[in-house]
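Inside the fold
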Amino acid sequence: MINSTVPVLITNATPEIACHPIDDIFNLQCPRYQTEVDGNDYTDAINLAITDATANGGGVILFPGNEIVEVTKNIIMENNITFRASHSMATIKKGIDDNGDYLGGQLIVMSPHVQSSVDPEPRENITFENIVFDGDSSVNGISGNSLTHKNINIMNCIFQNASTPGTNCLLYTSDAAD
């Protein structure tokens, strides 16, 4: 029996997506980022969210849960960034651009490889949470070209279909001199 003095709201409506920055959250489902999405290719949207978060001193890039988000070139991480699915798991998968190409060897790059004797800039305070990394058998998940990264957290993530035979390449690292 429903108490008649308490109003009851029954609705099947989908909750609204918060699109203004709340607690340093940058939601890829918001119009600012959705205008950068081309089909399932979120490359430009993710890069814009990283730029916005970096200008803010860091933040959470919120991925749509239960969706496949394709990238068509390496995503370069910056300091103080968290990739998190909004609910359930989100899949970051290798996609192809309009020319049928993928520009890069990894899905996520911690720091760009410098073709010199100078070490790449180390990254710190980066978290990946509730993300499936799918390399489509041709790229690896996360690449770190410096062994001096600090406070890198990988929580509740799955790595599958990496290009390195016999592994799913959780975190690939190499020296700058290689």
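Residues numbered from 1 in each chain as written. Predicted model: local features only at pLDDT ≥ 70, side-chain atom pairs only at ≥ 80, totals over all residues. Heavy atoms only, no water.

1. Re the nonpolar core
Ranked by internal contacts, the top residues of the largest apolar core, which has 34 residues, are Ile46, Ile61, Phe63, Phe83, Phe128 and Phe133. Those elements that provide at least two residues to this core are helix H2 (43-55), strand E2 (59-63), strand E3 (68-71), strand E5 (81-85), strand E6 (90-94), strand E7 (103-109), strand E8 (124-129) and strand E9 (131-134). A per-element tally of this core places H2 first, with 5 residues. For Ile61, the residues in contact, after removing those within four places along its chain, are Phe26, Leu28, Ala49, Ile50, Ala53, Ile81, Thr82, Phe83 and Arg84. (Core = buried A, V, L, I, M, F, W, Y, C linked by side-chain atoms within 4.5 Å. Buried < 20%, exposed > 50% of the residue type's maximum accessible area, 1.4 Å probe, protein only. Helix = DSSP H or I, 4+ residues; strand = E, 2+ residues; numbered from the N terminus. Contact = heavy atoms within 4.5 Å.)

2. Structural notes on the pattern of salt bridges
It is possible for side chains of opposite charge to pair when their charged atoms get near one another. Within the structure shown, the criterion is met by 4 salt bridges. Note that Arg32 is salt-bridged to Asp52, the shortest N-O span being 2.7 Å. Pair noted here: Arg32 is in helix H1 (residues 31-34) and Asp52 is in helix H2, with a separation of 20 residues, a long-range link. By relative accessible area, which is 17% here, Asp52 ends up buried. Here Glu129 ties to Arg84 by a salt bridge, and the two come within 3.1 Å at their closest N and O atoms. Of this pair, Glu129 sits in strand E8 while Arg84 sits in strand E5, and the two are 45 residues apart along the sequence. (Salt bridge = Lys/Arg side-chain N within 4 Å of Asp/Glu carboxyl O.)

3. Some points on the environment of Ala162
Relative to the assigned elements, Ala162 resides in the loop between strand E12 (158-160) and strand E13 (172-173). Ala162 sits 27 residues away from Gly135 along the chain, and the two C-alpha atoms are 4.7 Å apart.

4. Things to note about the packing of aromatic side chains
Scanning the model with the defined rule gives 4 aromatic pairs in all. A ring pair is formed by Phe83 and Phe128, whose centres lie 5.6 Å apart and whose planes are at 90°; its orientation type is edge-to-face. Here the residue Phe83 occupies a position in strand E5, and Phe128 occupies one in strand E8, the gap between them amounting to 45 residues. Among the residues examined, Phe83 registers a relative accessible area of 0% and is labelled buried. Residue classification places Phe128 among the buried residues on the basis of a relative accessible area of 0%. Their ring planes at 15° and their centres at 4.7 Å tell us that Phe133 and Phe159 sit as a pair that is stacked. (Phe/Tyr/Trp six-rings, centres within 6.5 Å; stacked < 30°, edge-to-face > 60°.)

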